[in-house]
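# Residue-level structural notes
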Amino acid sequence: YCLSSASKGVRFFSLERVFAELDRLAATGVRQIKFVDRTFNANAERAKAIIRHILEMDKSEIDCNFHFEVGADIFDEETIQLLQNAPKGLFQLEAGVQTVNEETLAAVCRKTDLTRLFRNLFSLKKHNNVHIHTDLIAGLPFEDYNSFGNSFNSVYAVKSHQLQLGFLKFLKGTRLRRESKELGFEFSDFPPYEVLSGRDISFDELIMLKDIAELVERYYNSGRFVHSLEYVIANCFRSPFGFYEGFARFHKEKGLLEYSSGLRQLYATFDQFASKHMDKKSQAVFRELLRLDFLASDNS
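Report follows, based on the coordinates. (Residues numbered from 1 in each chain as written. Predicted model: local features only at pLDDT ≥ 70, side-chain atom pairs only at ≥ 80, totals over all residues. Heavy atoms only, no water.)

To continue, consider the overall build of the chain. Of the regular secondary structure elements, the chain holds 12 helices and 7 strands. For 300 residues, the compact-globule estimate of 2.2 N^0.38 gives 19 Å, and the chain sits close to it at 21 Å. Projecting the C-alpha coordinates of the chain onto the three principal axes gives extents of approximately 60 × 55 × 35 Å. Every one of the 300 residues in the chain was classed for burial, and the buried ones make up 49%. Taking all contacts inside the chain whose residues are at least 6 apart in sequence as the whole, residues at least 24 apart take part in 74%. (Helix = DSSP H or I, 4+ residues; strand = E, 2+ residues; numbered from the N terminus. Rg over C-alpha atoms; globule rule 2.2 N^0.38 Å. Buried < 20%, exposed > 50% of the residue type's maximum accessible area, 1.4 Å probe, protein only. Contact = heavy atoms within 4.5 Å.)

Further remarks concern the packing of aromatic side chains. Scanning the model with the defined rule gives 29 aromatic pairs in all. Aromatic pair Tyr145 and Phe241: ring centres 5.5 Å apart, planes at 65°, arrangement edge-to-face. Of the two residues, Tyr145 is situated in helix α6 (residues 145-156) and Phe241 in helix α10 (residues 240-254); the sequence distance between them amounts to 96 residues. Owing to a relative accessible area of 6%, Phe241 belongs among the buried residues under this scheme. Taken together, a centroid distance of 5.3 Å and an interplanar angle of 40° make the contact between Phe243 and Phe247 tilted. In this pair, Phe243 and Phe247 both sit in helix α10, 4 residues apart, roughly one turn of the helix. Phe243 gets classed as buried once you look at its relative accessible area, which sits at 0%. Taking the relative accessible area as the measure of exposure, Phe247 reaches 0% and is therefore buried. The residue whose ring lies beneath Arg17 is Phe13, and the NZ or CZ to ring-centre distance is 3.8 Å. One residue, Arg177, lies across the ring of Tyr193, its end atom 4.6 Å from the ring centre. (Phe/Tyr/Trp six-rings, centres within 6.5 Å; stacked < 30°, edge-to-face > 60°. Lys NZ or Arg CZ within 6 Å of the ring centre and 35° of its normal.)

What follows deals with the side chain of Ser275. By the secondary structure assignment, Ser275 is in helix α11 (residues 263-275). The class of Ser275 is buried, set by a relative accessible area of 15%. Ignoring any residue separated from it by four or fewer positions in sequence, one finds Ser275 in contact with Gln283 and Arg287.

You can see Glu245 is positioned in helix α10. When its relative accessible area of 17% is taken as the criterion, Glu245 is described as buried. A distance of 2.6 Å separates a polar atom in the side chain of Glu245 from a polar atom in the side chain of Tyr145. Those residues within four positions of Glu245 in sequence are excluded, and the remaining contacts are Tyr145, Met208 and Ile212. (Polar contact = N/O pair within 3.5 Å; in protein donor to acceptor, adjacent residues only side chain to side chain.)

Okay, structure coming up:
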């Protein structure tokens, strides 16, 4: 499904060139240097050499971080150690999990050791010095709405700093686009050719996932509801996906997804929804956590 699937293998610049360009870019004062390789660590020894070079840079001379898109399941112990011992905030990792449905992974030609992937992500997250970004893709073949909910819950449990819920695109040149009719997909005929429905997931279900994605952005990825979100999901809902599903329906009923809310309105809306699902004692605890989140994230 990814454009890189249409290319023939992986090509590498020389390490000397990479090091020279990294040094030159870092010296300009940019805040982030982003490697757009689909899998930065496809060659483990090369990846470690680049990480070591960055670690050896004079930190008094640079003020930026380095973003890598990685295959988290193919990290070796040495790479994990390098990352765990790095200064906080120096590295940012984007792990494209996409799904935990094994049939779906096979259908999109992804060989992923899910057990190892989650073990590595939990290990890195525990040290809290590397920013971790995880990705899911809705609309992939053989993944229905309930299966996607399971994938969402599995990835949410990592508690990554950012969780991106994306939607399948039928890019020109990819195998999935060629096989789209056979797999029962409908997708938009203009860029980015996003999925509209499939044999395993309906248009209405994808719209619900769009609403959930918006709420993940507003509440989870904003980092402004860390304690209150965790409390509500753990104590009032069977799963994270169940919480966001109910919250999305609440927003839909109230017409709250049609516009972007101010910060105070976000807190008020969350309180209004969550209070319906708890007794007075739990509500009192929740509101103290909500106050803590508000005071911790609002300078005014």
